[in-house]
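# Summary of structural features
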Amino acid sequence: MINLSDILETIRMIQDECLDIRTITMGISLLDCIDSDIDKACKKVYDKITRCAKDLVKVGNEIEKEYGIPIINKRISVTPIAMISAACHESPIKFALTMDKAAEAVGVNLIGGYSALVQKGFAAGDRELIESIPEALRLTSRVCSSVNIGSTKAGINLDACKLMGRIVRESAEATKDSACFGAAKLVVFCNSVDDNPFMAGAYHGVGEPDCIINVGVSGPGVVRSALAKNPGANINEIANIIKTTAYKITRVGQLVGVTASERLGVPFGIVDLSLAPTPQVGDSVAHILEEIGLEQCGAPGTTAALAMLNDAVKKGGVMACSSVGGLSGAFIPVSEDAGMIAAAKSGSLCIEKLEAMTAVCSVGLDMIVVPGDTTADTIAAIIADEAAIGMVNSKTTAVRVIPAIGKDVGEELDWGGLFGCGPVMKVNTMSPSKFINRGGQIPAPLHSLKN
Amino acid sequence: MKAVISVIGKDAVGILAKVSSMCAEYNANVTEVTQSVLQDVFAMVMLVDITSLSIPLSELSDRMTSLGKTMGLSIYVMHEDIFNTMHHI
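What you see as residue numbers is a count from 1 along each chain, following the sequence as written. Chains and ligands are labelled sequentially in the order written, the chains with letters from A and the ligands with numbers from 1. Given that this is a predicted model, residues contribute local features only at a pLDDT of at least 70 and side-chain atom pairs are listed and counted only at 80 or more, while totals for whole chains, interfaces and linings are drawn from all residues. Water and hydrogen atoms were dropped before computing side-chain values, which therefore reflect all heavy atoms in the structure.

### Focus: the interface of chain A and chain B
Our working rule: Contacts were defined at the residue level, with two residues in contact if any of their heavy atoms lie within 4.5 Å. Buried area: the accessible area, evaluated with a 1.4 Å probe, that two parts lose upon being put together, summed over both parts. The salt bridge definition used is simple: a Lys or Arg side-chain nitrogen within 4 Å of an Asp or Glu carboxyl oxygen. Working definition: helices are DSSP H or I runs of at least four residues, strands are E runs of at least two. Numbering for both runs from the N terminus.
On the chain B side, the residues contacting the 25 residues of chain A number 26 residues. Summed over both partners, the interface of chain A with chain B buries about 2400 Å², with 73% contributed by carbon and sulfur atoms. Summed over the shared surface of chain A and chain B, the result is one salt bridge. Asp62 of chain B is the salt-bridge partner of Lys65 of chain A, the closest N and O atoms lying 3.3 Å from each other. Taken together, the elements giving at least two residues each to the side of chain A that touches chain B come down to α1 (4-15), α3 (56-67) and α9 (235-264) of chain A.

And the structure:
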């Protein structure tokens, strides 16, 4: 028989320590839906999404019951819409409405891929899509958008940074009646990945198969509790405990992914090795760092502790699954992590420290609320800074900041649910306008020349 | 194919009887039982063969959960694969 303590450990991880599968995300290619007639294209998109994903939620719920492991989200990612809408020569907003309707029809809470990839310049359809993002996010509730503005191979498109600074602001302004929620569904990337299962940045890359299942796991609470049982451990032992725990968490992700792929008749893609927090008590990455020995997240030592945590999660997870991909690392979204929220409120955690932390973990300046009067150029420059970290370190970085229109430091935005609530954080107000308005392309770094 | 039924809660008369009679009702064959009562807390782990289960496993899980609620216990039905996968290489 299976060891009794193993059974009780698994039950404790799920019931008391918030172990869950964060998302099963079905990637769907829309390349065969391209049509110069936008209405025909939208019909093909709707039909394909609802055909491929018709059983996604049902199968997810079945697996959840049978294995007794909560699967929090079932989601869909699609080919970046700019590639599909380019042939239509008109505003792609109809695609956003179609995605929203299809997502509702199959019962998923978010659908990603209202996206454009412009790291080296704008192709047909890209500008139109980007300009339509604020309106698309205002008119839909399930659609998520992302734009890739830089990569290690291509450098950073400074024109796109400038444009996205304005688009992020406009997305917040367009939804100011609903706590600027539009900006919470918009991510600006450097080195974005094709198989990311996590929103808001998920899209289905062009090199991917027609349809695929990717899984994102979670489990900060499990890691923290394993560390709490070993208060006297040295940092090497801590790393080992995290590896062992990450292995167990990821094995469950692999099991769920393989089972879902078999039942849906769709190939299994990757497990994203991640520690994704939620605002729920006991599900915080910041609290792991505090368990390791920091008075509060943001204290000196935070970056080093996070680097060790991120590396140990990967080392433990990589052996546990057949294919690793996506973003794979510890996430530090401020509004979605109870410990981060507390640290930001107390003043221990500032944007500059978060920026340093993003150099050693996944993914970037995520779910950070900034003052409502933050200029488009300042947001553009924050994007450029973050992209530079990604470009030089050959890693994915992203910016998801939410300008709190009409609010300032000391106030907060509250979305509830998984998105949580975030205090408005102070931003350096020195102007970067001259730099941003120079435009052009920051050249790729020397180490991009690997051939 | 096997599932693990775990029952945790305050000890009372007839827990084993009620859980195992529900297993019998849906044709789940009990192959092993481990149970203990520590300071009034009842913990039982039951291994059942679900090869010829008459309802889907997810439904058995729902029914056991409701049964647990009526007795003030937590009952979890989980496919054995989750334990094997998590704890064995």
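### A short note on the sheet that holds strand β1 (residues 2-10) of chain B
Residue and element names in this part refer to chain B. Using the following cut-off: Paired strands, as defined in this entry, are two strands with at least two bridges between them according to DSSP. Only the stretch in contact is used when fitting a helix axis, every axis being a line fitted to C-alpha atoms; angles between N-to-C directions are given from 0 to 180 degrees.
Spatially, the four strands line up as an open sheet ordered β2-β3-β1-β4, and their pairing is antiparallel. The outermost strands of the open sheet, each flanked by one partner alone, are β2 (29-38) and β4 (73-79). Adjacent strand axes in the sheet meet at a mean angle of 10° when their direction is disregarded. Both β1 and β4 contribute to a ladder of seven bridges, which runs antiparallel. Within the sheet, the bridge partner assigned to Gly9 lies in β4 and is Leu73.

### Section: a nonpolar patch on the surface
Residue and element names in this part refer to chain A. Threshold: Nonpolar side chains (Val, Leu, Ile, Met, Phe, Trp, Tyr) within 5 Å and like charges within 9 Å form the patches, drawn only from residues with over 30% relative accessible area and no salt bridge. Only the protein chains shown count as cover for residues, with accessible areas throughout obtained via the Shrake-Rupley method and a probe of 1.4 Å. Accessible area is worked out with a 1.4 Å probe on protein chains only. A residue is then buried under 20% of its type maximum, exposed over 50%, and partly exposed in between.
Together, Leu31, Ile34, Met83 and Val206 line one region of the surface with nonpolar side chains, adding up to about 300 Å² of accessible area. Position of Met83 relative to the elements: it lies in helix α4 (residues 81-85). According to the relative accessible area criterion, Met83 is partly exposed, its value standing at 32%.

### Looking at the nonpolar core
Note on soluble globular proteins: their nonpolar side chains tend to be buried together. Residues and elements named next belong to chain A. This is how it is decided: Here, nonpolar core refers to any group of buried Ala, Val, Leu, Ile, Met, Phe, Trp, Tyr and Cys residues whose side-chain atoms link them within 4.5 Å.
Ranked by size, the top nonpolar core spans 135 residues in total, and within it Ile149 and Leu309 carry the most contacts. Per-element accounting of this core gives the leading share, 11 residues, to α9. Contacts of Ile149, omitting those with residues within four sequence positions, involve Val118, Gln119, Gly155, Ile156, Asn157, Ala160, Cys161, Met164, Val188, Phe189, Ile383 and Ala387. Counting residues in each nonpolar core, the second largest holds 27 residues, with Ala183, Ala200, Val363 and Phe419 among its members.

It is worth stressing that arrangement in space is one thing and function is another; only the former is reported here.
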